[in-house]
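One-letter residues, chain by chain:
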Amino acid sequence: MIEVKEIRKSFGEHEVLKGIDASFYKGKTNLIIGQSGSGKTVFLKSLVGLHEIDSGEIEYDGTALGGLNRKDRKSLRTEMGMVFQGNALFDSLTIEENVTFALSMFSEMSAAEKKDRADFCLERVNLPGVNQKFPSELSGGMQKRVAIARAISMNPNYLFCDEPNSGLDPKTAIVIDQLLQEITQEFEMTTVINTHDMNSVIEIGDHIIFIKDGKKAWQGTGEEILSTDNTEIVDFVYSSELFKKIRRKL
Amino acid sequence: MQNYSYFRDMFFSKWIESLGKYMVLLGRTFRRPENGKMYYKAFLSDLDLLGINSLGIVAVISLFVGAVVTIQTAFNLDDPLIPDYYIAIATRESIVLEFSPTIISLILAGKVGSNIASTLGSMRVSEQIDALEVMGVNPASYLIAPKIAALAFFNPILIIISMALGLVGGYLASIGGVMSAEDYIYGLTVDFNAYHITYALIKTFVFAFLIVSISAYFGFYVRGGAIEVGINATKAVVSSSVAIIVSNYMLTQVLLV
């Protein structure tokens, strides 16, 4: 479980996160939603420590991130996996080298064991047989799956995904969503996903936090989001004609 | 006048900030590696990319510049009172003291520096550096330390090869009609001071460090996209070239005077 207490983050004069409290639960797909520019990515990057927060506290299963020394922070990071918006695959390495990179860096596994692990992770994301290809030889959806395989290679306790569906067609986006939900439950991870894809919200949103202008404006489940009367979330969710129709039918 | 002092203060505060960030980056670069084997692999790959791949250009430039230096020196020393072997002495000193260590390093600042800055810059804007950080890898150390080690190790070898080929170029020019081969070879050995080689190698080592660390700094802190990567690659080449020229003066003052 990850607990966030009153975190604030500014860039120069501009305050992006204005005191957010949130909890993210183990074995659940926790979603952060909000408009572009609402502070979602800054929030997610603050959670993993890529941005140093100005104030507040982030706790990983009771351990405060801010109180950790360099060594302990490094050790905590080996328990994290992250899927970046643009995948961030190492483009000069093969798919297998990408997936086993953290294992090569931090484990004592033999080459055969690492290959087995890479095969397992790639099969888990339904992408067998691409070990020796380079990222540029794969489609966007396949690259996303490799990024997920890399993120789970170290058996992380915490999985973070920044806009995992961006740039994907609706069908592939659903496959990625389902995959993320399945592995979250299978490996009992605390998964935090940044998205503005309403389909993801309804399909896999076990626990949702809505951020507006750097503040938490609402929280609830995928079912509650469709019936809530909170005007801010209603404005966000039903901004498209399709969802307005759905609301009328509900 | 007020505007002048405003821009002066801005310039100095930016410069001091950049120097501070550069020092912080160096501090992160020289932290203990997470895994020696992975760093060694990166070192070998960088040795090939930054060092061995530069052999061709260094060889061609050294050979031709050595020949040109010999011809120009002969042209300027065209006096019956000056023995021909003085041309070889002047060629040797020009190549060993200045051309090979400094000019070749400036050429490498262009070739290697832009490569490092654009590679790291692309990795930054495509979030690959963030990905390393989230994995628990120290990206500064993993991406920069092997490059510094590779160039600091190979640059002196490259410069020795450049010196040898520069002198061979001079020899080829001399037998092409400038002077006799015997005079040229005799001139290369007269009053030879081995310390000049040591001086050149010390310079080379320092230049290698400056080229990699400055270029890495500009690549590592890129913000934006492809255009900013290009801008920073140019800044990397310009800044490392200036650093080479300034440190060349300082090292010469310390080591030769």
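In the block above lies the structure referred to throughout.
Residues numbered from 1 in each chain as written. Chains lettered and ligands numbered in written order. Predicted model: local features only at pLDDT ≥ 70, side-chain atom pairs only at ≥ 80, totals over all residues. Heavy atoms only, no water.

J.: Looking at this model, I keep getting lost on the pattern of salt bridges. Mind explaining?
T.: If charged atoms from side chains of opposite charge come close, those side chains can pair. Taken as a whole, this structure holds 18 salt bridges over all chains when the rule is applied. Between Arg 124 of chain A and Glu 182 of chain A there is a salt bridge, with the nearest N and O atoms lying 3.3 Å from each other. Highlighted residues: Arg 124 of chain A in helix H5 (residues 111-124) and Glu 182 of chain A in helix H7 (residues 170-186), separated in sequence by 58 residues. Classification of Arg 124 of chain A by relative accessible area gives buried; the value is 16%. A salt bridge links Glu 93 of chain B to Arg 92 of chain B; the shortest N-O distance between them is 2.8 Å. Both residues of the pair, Glu 93 of chain B and Arg 92 of chain B, belong to the buried class. (Salt bridge = Lys/Arg side-chain N within 4 Å of Asp/Glu carboxyl O. Helix = DSSP H or I, 4+ residues; strand = E, 2+ residues; numbered from the N terminus. Buried < 20%, exposed > 50% of the residue type's maximum accessible area, 1.4 Å probe, protein only.)

J.: I tried to follow empty space enclosed by the protein on my own but got confused; where do I start?
T.: Using the criterion set out here, one finds one cavity of 30 Å³ or more in the structure. If you trace the largest cavity, you find 16 residues lining it, with Met 80, Gly 81, Arg 150 and Ala 151 of chain A together with Met 135 of chain B closest to the centre. Listing elements by their share of the lining of the largest cavity, those giving two or more residues are strand S6 (80-83), helix H3 (95-99), helix H4 (101-106) and helix H6 (140-152) of chain A together with helix H5 (128-135) of chain B. (1 Å grid on protein atoms, 1.4 Å probe; cavity = no way out; pocket = protein on both sides within 12 Å on 5 of 7 lines; lining within 4 Å. Points joined across faces, edges and corners; volume = space filled by probe spheres on them.)

J.: In this structure, what is going on with the interface of chain B and chain A? I would like to understand it.
T.: How big an interface is tends to be stated in terms of the accessible area lost upon association of its parts. Listed per partner, the contact involves 18 residues of chain B and 22 residues of chain A. Looking only at chain B, the three residues that lose the most surface to chain A are Glu 127, Val 134 and Met 135 of chain B, adding up to 36% of its buried area. The interface formed by chain B and chain A holds four salt bridges in total. Salt-bridge contacts for Lys 74 of chain A lead to Glu 34 of chain B; the nearest nitrogen and oxygen are separated by 2.7 Å. One can count five residue pairs in polar contact (both at pLDDT 80 or more) joining chain B with chain A. Elements supplying a minimum of two residues to the side of chain B that touches chain A: helix H2 (36-51) and H5 of chain B. With seven residues, the top contributor of residues to the side of chain B that touches chain A is H5 of chain B. The residue inventory of the side of chain B that touches chain A, partitioned by class, reads eight nonpolar, five polar and five charged. (Contact = heavy atoms within 4.5 Å. Buried area = accessible area lost by both parts, 1.4 Å probe. Polar contact = N/O pair within 3.5 Å; in protein donor to acceptor, adjacent residues only side chain to side chain. Nonpolar A, V, L, I, M, F, W, Y, C, P; charged D, E, K, R; others polar.)

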